[in-house]
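A structural walkthrough
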Amino acid sequence: MSYMLPHLRSGWEVDQAILSEEDRVVVIRFGRDQDQTCMVQDEVLFGIAEKVKNFAVIYLVDIDEVPDFNGMYELYDACTTMFFYRNKHIMVDLGTGNNNKINWALADKQELIDIIEIVYRGARKGRGLVVSPKDYSTKYRY
């Protein structure tokens, strides 16, 4: 479903998307469109795009096509989701130790809506770090 969501094709477009949005959270999925993990994440993002349109806007960025941010945001994972509000990177404490981004596919639409809503509410209050409603620290427990 990546073809249904807007793609940002250059570093300038990514910057403009982050800079120009005043009232909504900018959700950017960095990754490769053909990657299996990204396909799952894109499906979820497409499914919630209409529900979160009042407080969030969703974009996709192919890290091979736009490598400008790979070093800056440490985009080494197959699929990475990040949040921005008024030109500020909003970090989310998911309990995983990495507060900068979500680097796995969230398959549950409601969980992702909840995270975006928490980011929006926290960012509007001026917080740069918000706490996720669910703790994902045990997600990869063996």
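Everything below is about the structure shown above.
Below or above, wherever it landed, is the structure these notes cover. Because the structure is predicted, anything quoted here is derived from the model rather than measured.

1. A closer look at the overall build of the protein
Across its full length, the protein holds three helices and five strands. Listing each helix as α and each strand as β along the protein from the N terminus yields α-β-α-β-β-β-α-β. C-alpha extents for the protein along the principal axes are approximately 35 × 35 × 30 Å. Relative to its full complement of 142 residues, the protein shows a buried share of 45%. For the protein, the proportion of contacts with a sequence separation of at least 24, taken over those separated by at least 6, is 72%.

2. Some details on the sheet that holds strand S3 (residues 79-85)
Overall, mixed pairing links the five strands, which are arranged S2-S1-S3-S4-S5 in an open sheet. The sheet is open, and its two edges are formed by strand S2 (56-62) and strand S5 (129-131), each paired on a single side. For this sheet, the mean angle separating the axes of adjacent strands, direction not counted, is 35 degrees. As paired strands, strand S1 (residues 25-31) and S2 are joined by seven bridges and run parallel to one another. Of the residues in S2, the one forming a bridge with Gly31 is Asp62. Contacting S1, S2 and S3, helix H2 (residues 36-49) crosses the sheet at an angle of about 160 degrees to S1.

3. Description of the pairing of S3
Of all seven residues making up S3, seven are buried, and the element is well covered by its neighbours. Neither face of S3 is left uncovered, since the one carrying Cys79, Thr81, Phe83 and Tyr85 and the one carrying Thr80, Met82 and Phe84 both have all their residues buried. The sheet contact formed by S1 and S3 spans six bridges and is antiparallel. In the sheet register, Gly31 faces S3, and the bridge partner there is Cys79.

4. Some details on the nonpolar core
By size, the foremost hydrophobic cluster in this structure holds 28 residues, and its most contacted members are Val25, Val27, Phe83, Ile115, Ile116 and Val119. With seven residues, helix H3 (residues 109-124) is the single largest residue contributor to this core. Formed by 17 residues, the second largest nonpolar core is a distinct cluster that contains Val14, Phe30, Tyr59 and Met82.

5. What to know about unusual backbone geometry
Its identity is not glycine, yet Glu74 carries a phi of approximately 55 degrees, on the positive side. Tracing the backbone through its elements, the reader meets Glu74 in the loop between S2 and S3. By relative accessible area, Glu74 is classed as partly exposed at 46%. The phi dihedral of Arg86 is positive, around 50 degrees, even though this residue is not glycine. Tracing the backbone through its elements, the reader meets Arg86 in the loop between S3 and strand S4 (88-93).

6. A few points about H3
Note on helix geometry: an α-helix contains 3.6 residues per turn, so any two residues three or four positions apart are oriented the same way. Over its 16 residues, H3 runs 23 Å from end to end, which matches the ideal 22 Å to within 8%, given 1.5 Å per residue. Among the residues making up H3, those that are buried are Glu111, Leu112, Ile113, Ile115, Ile116, Val119, Tyr120, Gly122 and Ala123. One or two steps after H3, the chain reaches Gly126, where phi turns positive at roughly 90 degrees.

7. Structural notes on the pattern of salt bridges
Counted by the stated rule, this structure contains nine salt bridges. Among the ionic pairs, Glu50 bridges to Lys53, the shortest N-O distance being 2.7 Å. Note that Glu111 and Lys134 form a salt bridge whose closest N and O atoms lie 3.0 Å from each other. Of this pair, Glu111 sits in helix H3 while Lys134 sits in the segment after S5, and the two are 23 residues apart along the sequence. Each of Arg29, Asp33 and Asp42 takes part in a single network of salt bridges with overlapping partners.

Criteria and thresholds
Residues numbered from 1 in each chain as written. Predicted model: local features only at pLDDT ≥ 70, side-chain atom pairs only at ≥ 80, totals over all residues. Heavy atoms only, no water. Helix = DSSP H or I, 4+ residues; strand = E, 2+ residues; numbered from the N terminus. Buried < 20%, exposed > 50% of the residue type's maximum accessible area, 1.4 Å probe, protein only. Contact = heavy atoms within 4.5 Å. Pairing = 2+ DSSP bridges. Axes fitted to C-alpha atoms, helices over the stretch in contact; angles between N-to-C directions. Core = buried A, V, L, I, M, F, W, Y, C linked by side-chain atoms within 4.5 Å. Expected span 1.5 Å × (residues − 1). Salt bridge = Lys/Arg side-chain N within 4 Å of Asp/Glu carboxyl O.

These figures capture arrangement, not role.
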